[in-house]
Amino acid sequence: MKSPQPSSSEIAAVDLGSNSFRLQMARVEDGQLFMHDSLREMVRLGAGLQMDKTLSHDAMQLAVECLRRFGERLRGLDPHAVRAVATNTFRVARNAPALLQRAEEALGFPIEIIAGREEARMIFIGVSHSLPPSEMHRLVIDIGGGSTEFIVGRNFEPQKMESLYMGCVSYSMRFFADGKLSEGNLRRAEIAARTEIQGIRREFSSGHWQDAIGSSGSARALGEILRLNDWSDGAITRSGLAELKERLLRTREIRKLDLPGLSVERAAVIAGGYSIMAAAFAELGIEHMTVASGALREGVLYELLGRMRHQDTREATVHQFKRRYHVDAPQARRVQLLALALLEQIARKLEMEQALARQYLTWAARLHEIGISIAHSGYHKHSAYIIENADMPGFSRMDQQMLGMLLRAQRRSLTKLTALPTHNDHLALILVLRLAVLFHRNHMEFTMPAPELCWEPNGQFRLAVDPEWLAENPLTEAALAAEAAYWKDINITLAIDA
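Everything quoted here is computed from the prediction, not taken from an experiment. (Residues numbered from 1 in each chain as written. Predicted model: local features only at pLDDT ≥ 70, side-chain atom pairs only at ≥ 80, totals over all residues. Heavy atoms only, no water.)

Caption draft 1: Examining the nonpolar core more closely. Counting 63 residues, the largest nonpolar core has Phe321, Phe439, Leu453 and Trp487 as its most contacted members. Counting residues per element, this core draws most heavily on helix α18 (residues 424–439), which supplies twelve residues. Excluding its chain neighbours within four sequence positions, the residues that come into contact with phenylalanine 439 are Leu338, Phe446, Met448, Pro451, Leu463, Val465, Trp469, Thr476 and Leu480. (Core = buried A, V, L, I, M, F, W, Y, C linked by side-chain atoms within 4.5 Å. Buried < 20%, exposed > 50% of the residue type's maximum accessible area, 1.4 Å probe, protein only. Helix = DSSP H or I, 4+ residues; strand = E, 2+ residues; numbered from the N terminus. Contact = heavy atoms within 4.5 Å.)

Caption draft 2: The layout of surface pockets, seen in detail. For the largest pocket, the calculated volume is near 1300 Å³. In this structure, the largest pocket is lined by 42 residues; those nearest its centre are Pro110, Glu112, Tyr360, Met398 and Asp399. Elements with a minimum of two residues in the lining of the largest pocket: β4 (82–86), α2 (88–92), α3 (96–107), β5 (111–113), α12 (296–308), α15 (354–367), α17 (397–408) and α18. Here the lining of the largest pocket gets six residues from one element, more than from any other, and that element is α17. Reported here for the second largest pocket is a volume of approximately 530 Å³. For the lining of the second largest pocket, the secondary structure elements donating two or more residues are α4 (116–129), β8 (157–164), α12 and α13 (313–324). The class makeup of the residues in the lining of the second largest pocket is eight nonpolar, seven polar and five charged. (1 Å grid on protein atoms, 1.4 Å probe; cavity = no way out; pocket = protein on both sides within 12 Å on 5 of 7 lines; lining within 4 Å. Points joined across faces, edges and corners; volume = space filled by probe spheres on them. Nonpolar A, V, L, I, M, F, W, Y, C, P; charged D, E, K, R; others polar.)

Caption draft 3: Highlighting the pairing of strand β7 (residues 148–154). Summarising burial for β7: six of the seven residues are buried, a large majority. Sheet topology note: the strand β6 (residues 137–143)/β7 ladder contains seven bridges and is antiparallel. The partner of histidine 137 across the bridge, within β7, is arginine 154. What sits between β6 and β7 in their antiparallel hairpin is a turn of four residues. (Pairing = 2+ DSSP bridges.)

Caption draft 4: Local environment of empty space enclosed by the protein. Enumeration over the complete set of coordinates arrives at one cavity of 30 Å³ or more. The calculated volume of the largest cavity comes to roughly 270 Å³. The wall of the largest cavity is formed by 26 residues, among which Asp15, Asp142, Gly144, Gly145 and Ser216 lie closest to the centre. Contributing elements (two or more residues each) for the lining of the largest cavity: α4, β6, α8 (216–228) and α12. The residue inventory of the lining of the largest cavity, partitioned by class, reads five nonpolar, 13 polar and eight charged.

Caption draft 5: View of the sheet that holds strand β2 (residues 21–29). Pairing within the open sheet is mixed, and its five strands lie in the order β3-β2-β1-β4-β5. The open sheet is flanked by β3 (32–41) and β5, the only strands paired with a single partner. Across the sheet, the mean angle separating the axes of adjacent strands is 20 degrees when strand polarity is ignored. As defined by bridge partners, strand β1 (residues 10–16) adjoins β4 across five bridges and the pair is classed as parallel. (Axes fitted to C-alpha atoms, helices over the stretch in contact; angles between N-to-C directions.)

Caption draft 6: Expanded view of unusual backbone geometry. Unlike most non-glycine residues, aspartate 230 shows phi in positive territory, near 60 degrees. You can see aspartate 230 is positioned in the loop between α8 and β10 (236–237). For aspartate 230, a relative accessible area of 71% translates into the label exposed. Although it is not a glycine, arginine 252 sits at a positive phi angle of roughly 75 degrees. Among the structural elements, arginine 252 can be located in the loop between α9 (238–251) and α10 (264–267).

Caption draft 7: Expanded view of the packing of α9 against helix α11 (residues 270–284). Where α9 contacts α11, the two axes come as close as 11 Å, and the packing angle between them is 145 degrees. Crossing handedness for the pair α9 and α11: left-handed. In contact with Arg238, Leu241, Leu244, Lys245 and Leu248 of α9, α11 contributes Tyr274, Met277, Ala278, Phe281 and Ala282. In terms of residue class, the contact of α9 with α11 is made up of eight nonpolar, no polar and two charged. (Left-handed = near helix turned anticlockwise from the far one by under 90°.)

Caption draft 8: Expanded view of the sheet that holds strand β12 (residues 452–455). With respect to topology, three strands assemble into an open sheet ordered β12-β13-β14, the strand pairing being mixed. Only two strands of the sheet have a single neighbouring strand rather than two, namely β12 and β14 (494–497). Adjacent strand axes in the sheet meet at a mean angle of 20 degrees when their direction is disregarded. By the bridge criterion, four bridges tie β12 to strand β13 (residues 461–464) in an arrangement that is antiparallel. Residue pairing in the sheet places glutamate 452 in a bridge with alanine 464 of β13.

Caption draft 9: Representation of the environment of leucine 304 in the model. Of note, leucine 304 is situated in helix α12. Here leucine 304 is in contact with Ile11, Ala12, His80, Ala81, Val82 and Arg83, once residues within four sequence places are set aside.

Caption draft 10: Molecular detail of helix α1 (residues 57–74). Taking 1.5 Å as the rise per residue, α1 with 18 residues should run 26 Å; its terminal C-alpha atoms sit 25 Å apart, in good agreement. Buried within α1 are the following residues: Ala59, Met60, Ala63, Val64, Cys66, Leu67, Phe70, Gly71 and Leu74. Each buried residue of α1 sits inside an arc of 165 degrees when the element is viewed along its axis, so together they form one side. Opposite the buried face of α1, at more than 90 degrees from it, the exposed residues are His57, Asp58 and Glu72. In this fold, the buried residues of α1 make contact with β1, β2, β3, β4, α3 and β5. Trailing α1 by a residue or two, glycine 76 shows a phi angle of about 95 degrees, which is positive. (Expected span 1.5 Å × (residues − 1). Arc of directions from axis to C-beta.)

Shown next, in the form of structure tokens:
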């Protein structure tokens, strides 16, 4: 399915990290990206996480104020030319939904919370586009504020991806909150990181790659510190990290750190970043690491470019899921065509963008039966569980939650849903998918007069079906009567005209 194309040649990526927020602008010329303007603010959102995993009011306010400034720079851009992604702190904060609403209002564009492995995938894409082409397998490590991503891949294709819950901000707060630098707390931080990395060592150790690459702020800061102190040529090395450790121990206090290449902002989290990097070198057998300029935001931009050129990663993911779960392709196609035809009849009443509604409905129709591979009984629940919990390249968490909601609600009682949707658009999409599944429940090709769906001003629905056809199909007639009863149970009228 084709994604909408931005009318402008300028696109933008916004990366809401746990340490810093970044905005990257790029021009699209002859199918290529030319980076030009960028903004960066050290929001340190991860430092605002409190003991109960909620973000403090002050941390949220700083985030909103930053995004309001970013929004001014983005003003006037096509809605499809901007993609904003949020990472670890948004993933773990219990009050992230409240912040997300305020953040989107400030930025003026939707924000997607992406899963750790999806973040890793796009980091690898961004890094790969910043490096010369190579047939070698590369290990990419990206130490963020709240998580660290590990990826092994070749060319532009990531092959193994992991995201571990450790970052320069969280580790600095956990082990160096008092501002002291000692052999003891450095050792404890490194051991904690090594313990985490041991779980992925088998797949990411030196026998699986030929070149190690570091990306994002911590790697760049470490490389610059080592270069300016003549401890390396700009690469991150074991010997250079050892020299840095000695300097940290001699200084003893973070506030007294005075190293060429170390900014005041980075000094606050350098001990946490160093500890994670040193642990990765020790556990994965790294001796030498090149620092790349590309990272998550560049990966987001190349994803946007792919969608503009009808090379949407999400389409490839849906195709792979259909194949993996042995989906009945003709049946999925039948349900998709009828669902889209019904949607078209009520589309003008939608508040959400019609193209987005068609996109969600198309994906849901194609994937609605994947749960049958687990069990036919209750397959809609299995389908929803798979979609909500699987790694789905290209999809945000919100995308997966939306699809999961549609699949879980595709049949049977609506009162048994754990969270009944309250948004009218969501209810309309659920109805359209349910009707498409209902009419095609026999999994066979047949001809029927097109049903007509009306979404009335009072919020109720009316479905007109040819009475002669319905009289010849009593099972469908009974199913429609049951469907109307299901909607009545949640105080919505579905009138059947036959």
